[in-house]
Amino acid sequence: MSEAPELSVVLPTDSYETIAEVVRGWSAQTASRSIELVIVIPGAGPDRSEHPELDSFNGVKLVASPPYPLPVARAAGIRAAAAPLVAIAETHSFPEPGCADALIAAHRGPWAAVGPAMANANPDSLISWANLLLDYGPWVELADGGPADDVPVHNSCFKRRVLLDYGRGLDEVLSTEHFLVQDLQAKGHRLYMEPAARTAHLNVSKPVTWLSERFYAGRGFAAARARPWAGRRRLAYAAAAPLIPMLRFRRILSLVRGSPRTRGLLPRILPALVASLAVSALGELCGYAFGAGQAGPRCHEIELHRARFVR
């Protein structure tokens, strides 16, 4: 199109079929003509003649790169994007109507990042709710927006220049999402949560995969956090890992009670929450003590092909 896009949506994938439903969600946005779709994909991209939804966008850009490691693929998409705003999308998170408009409008303020409200795409499962609350607790069914101390890196929208300032270090900083937000704040950047931008997130609900995901997610987080630490400090955090479930449980319970949408889940959700926190803490203990192990490949498969792990 002749006009430049306002928003680039970056989607790493192994095939177009993996992201087809998410793409349809973005193509149905009223702001679709302002959106550039950046697909990071190995090999050939989709046949435009077979996928009319692609014609709804301002443009579609293909970046030849494998989807794993995901942080590297996302960084490649961000560097290739043409719009001043970049949304880090997922294969299993579906934007609701008006999401793109709300993100673009909010970014007219002085915000480095704007986060969306998180809804549950498979709300009939208590395991799904436990996973969503552990991963996105403060932003689940968000009702009130405004300046924020934290935003979810996945599904949020960033000013592209802020991310490009990391240069070659962008791959690394995207591999430790929580620390990206901390670093942005340390550099004086401001964050914002916009409840009018909503996305429905699909969550693991098969019991065996649920516990595996919680273990490897905890292990990967701890390993990334402890990477620059000396051995003594790593062991100290490993020894303290059993305390993590109690601290996180109180925080999540407060969030559940504070939302009319999730309050009704009590007390049915408590067993799933307690089990999730315990297994996640075990993963963190292993991450601090022994490193990431197979956390990267295991989490990558669940991240990329989430629908396979949903009952």
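Everything discussed here concerns the structure shown above.
Thresholds, definitions, all that
Residues numbered from 1 in each chain as written. Predicted model: local features only at pLDDT ≥ 70, side-chain atom pairs only at ≥ 80, totals over all residues. Heavy atoms only, no water. Patch = residues over 30% accessible without salt bridge, like charges linked within 9 Å, V, L, I, M, F, W, Y side chains within 5 Å. Areas by Shrake-Rupley, 256 points an atom, 1.4 Å probe, with all protein chains shown as cover. Salt bridge = Lys/Arg side-chain N within 4 Å of Asp/Glu carboxyl O. Lys, Arg positive; Asp, Glu negative; His and termini not counted. Charge placed at Lys NZ, Arg CZ, Asp CG, Glu CD. Buried < 20%, exposed > 50% of the residue type's maximum accessible area, 1.4 Å probe, protein only. Helix = DSSP H or I, 4+ residues; strand = E, 2+ residues; numbered from the N terminus. Polar contact = N/O pair within 3.5 Å; in protein donor to acceptor, adjacent residues only side chain to side chain. Contact = heavy atoms within 4.5 Å.

## Regarding a negative patch on the surface
- Together, Asp14, Glu17, Asp47 and Glu50 line one region of the surface with negative charge.
- Judged by its relative accessible area of 30%, Asp14 falls in the partly exposed class.

## Topic: the side chain of Glu36
- Mapped onto the secondary structure, Glu36 falls in strand S2 (residues 35-41).
- The exposure class assigned to Glu36 is buried, which follows from its relative accessible area of 6%.
- Engagement of the side chain of Glu36 in a polar contact is seen with the side chain of Lys61, the distance being 3.2 Å.
- Leave out the neighbours within four places in its chain, and Glu36 touches Pro5, Leu7, Ser8, Val9, Asn58, Gly59, Lys61, Ala81, Ala82 and Ala83.

## Structural notes on unusual backbone geometry
- For the peptide bond that leads from Tyr68 to Pro69, omega is 0 degrees, which places it in the cis range.
- In this structure, Pro69 sits in the loop between strand S3 (59-64) and helix H2 (70-80).
- Not every positive phi belongs to a glycine, and Glu141 is a case in point at roughly 50 degrees.
- Looking at the secondary structure, you find Glu141 in the loop between helix H4 (126-136) and strand S7 (146-148).
- Backbone geometry at Asn155 places phi at a positive 80 degrees, although glycine is not the residue there.
- The class for Asn155 is buried, based on a relative accessible area of 9%.

## Brief notes about H4
- In terms of burial, H4 is a largely internal element, nine of the 11 residues being buried.
- Listing the buried residues of H4 in full gives Ile127, Ser128, Trp129, Ala130, Asn131, Leu132, Leu133, Leu134 and Tyr136.
- Residues of H4 that are buried in the fold lie against strand S6 (113-120), strand S9 (191-201), helix H8 (207-226), helix H10 (244-258), helix H11 (260-263) and helix H12 (270-290).
- Capping the start of H4 is the job of one residue whose side-chain oxygen sits 3.2 Å from the backbone nitrogen of Ile127: Ser125.

So far we have only geometry, and geometry alone does not tell us how the molecule works.
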